[in-house]
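What follows is each chain in one-letter form.
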Amino acid sequence: MAWIILEKVSFVTQRGVLKDIAYTIQNYYKNEWQFEVCKYKNKIFLRRIDQPQGFENDWHKKNSYWGIKFEDFVINLDPEINASYMMLSGTFGSGTKMLYTAEVDAIDETTGERIEVKSASENSMKNNVPKAWIQSFLGGIDTLLYGMKDQGGIIRKLLPRMALSNVSDPDPYISKYLTESDKNAMFGLLEEVLEWVKKKLPEEDRVWTLHYGGKGCNDIKLRRQSNRFIPDWFREVADRAGTVEDNLAERLEVLTLGHPTKVEQNLELIVILIVLRGKII
């Protein structure tokens with residue numbers, strides 16, 4: 001175990017950002033997305049654009065509510081747990097190292113499995129499973145737990161737990177909706193976009209927008225803005241030599257990255273600061 005060395009990290013971001021980019025190639029609805037991106041001290045900071053909480057329509061609002069309530073039902077929320085964090089370390093793709101946040105819904109107290117809880121209707125699984133898989137894989141999740149709901153949001157049955165960790169013997173239910181080629185295509189797109197941003201973004205403390213226009217659009221574009229989001233404390237610390245890692249480890253929460261702890265190896269990805277919601281019943 002060792003503290004992560006930020007000098008070796010190329011990207012600081014959020015799992016949701018990486019998920020949305022990778023999922024673009026499998027997303028039937030081709031939803032639009034845009035993120036703020038900035039290059040400073042040869043590190044690229046990529047985050048969601050702050051927007052008021054809202055929903056596309058009433059159906060989206062209901063589905064979000066049903067999903068949250070299902071999570072609360074199957075998870076034994078522990079009032080003593082506000083947040084728990086885990087750091088996982090590794091290399092993505094051709095060698096790009098990243099630092100990013102990811103939430104874990106629950107941990108099975110018996111097996112220690114990290115579990116992602118999802119709800120979906122049967123006719124939405126073709127679009128839902130690829131999204132849930134890439135989200136879970138990026139977060140170091142071991143198992144997906146699905147509740148199947150009807151059009152009124154009532155959970156009618158629980159599917160058997162779907163294992164994500166056995167690469168040589170993938171779960172048959174996941175394989176029904178997601179092939180190995182599909183998985184490779186998502187990671188291929190993600191790596192290609194990150195490498196493109198890395199090459200094209202100038203070294204300056206200015207914000208650019210990384211934007212995909214959604215359905216009917218085949219381009220991902222960078223557009224320059226005039227503002228900046230790197231806080232003063234980070235620039236001051238990054239300009240000092242010798243103790244960068246320790247100081248950043250204490251203050252990364254200012255960039256909504258939580259409190260880092262220790263590092264351990266996990267497949268080919270870096271995942272850091274996984275937030276634990278509770279324990280599975």
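So, a few notes on the structure that sits alongside this text. (Residues numbered from 1 in each chain as written. Predicted model: local features only at pLDDT ≥ 70, side-chain atom pairs only at ≥ 80, totals over all residues. Heavy atoms only, no water.)

Before going further, it helps to examine the packing of helix α1 (residues 15-23) against helix α3 (residues 125-138). The N-to-C vectors of α1 and α3 enclose an angle of 140°; their axes lie 9 Å apart at closest approach. By the angle between their directions, the pair α1 and α3 is classed as oblique. For the pair α1 and α3, the sense of crossing is right-handed. The segment α1 lies against α3, with R15, L18, K19, A22 and Y23 engaging N127, P130, K131, I134, Q135 and L138. (Axes fitted to C-alpha atoms, helices over the stretch in contact; angles between N-to-C directions. Helix = DSSP H or I, 4+ residues; strand = E, 2+ residues; numbered from the N terminus. Parallel < 35°, antiparallel > 145°, perpendicular 65-115°, else oblique. Left-handed = near helix turned anticlockwise from the far one by under 90°. Contact = heavy atoms within 4.5 Å.)

Counting 44 residues, the largest nonpolar core has I21, V37, W133, Y146 and L210 as its most contacted members. Membership of the second largest hydrophobic core comes to 9 residues, among which are V12, C38, Y40 and L99. (Core = buried A, V, L, I, M, F, W, Y, C linked by side-chain atoms within 4.5 Å. Buried < 20%, exposed > 50% of the residue type's maximum accessible area, 1.4 Å probe, protein only.)

What follows deals with the packing of α1 against helix α5 (residues 180-200). Packing of α1 against α5 leaves a shortest axis separation of 7 Å and a crossing angle of 115°. By the criterion of interaxial angle, the relationship of α1 to α5 is roughly perpendicular. As for the relative orientation of α1 and α5, their crossing is right-handed in sense. In contact with L18, I21, A22 and Y23 of α1, α5 contributes M186, L189, L190, V193 and L194. In terms of residue class, the contact of α1 with α5 is built from 9 nonpolar, no polar and no charged. (Nonpolar A, V, L, I, M, F, W, Y, C, P; charged D, E, K, R; others polar.)

With the rule as written, the count across this model stands at 7 aromatic pairs. Here W133 and F137 contribute two aromatic rings whose centre-to-centre distance is 5.1 Å and whose plane-to-plane angle is 20°, an arrangement assigned as stacked. Of this pair, W133 and F137 both sit in helix α3, 4 residues apart, roughly one helical turn. Accessibility classification places W133 together with F137 in one group, the buried group. Relative to F187, the ring of F137 lies with its centre 5.4 Å away and its plane at 70°, an arrangement referred to as edge-to-face. (Phe/Tyr/Trp six-rings, centres within 6.5 Å; stacked < 30°, edge-to-face > 60°.)

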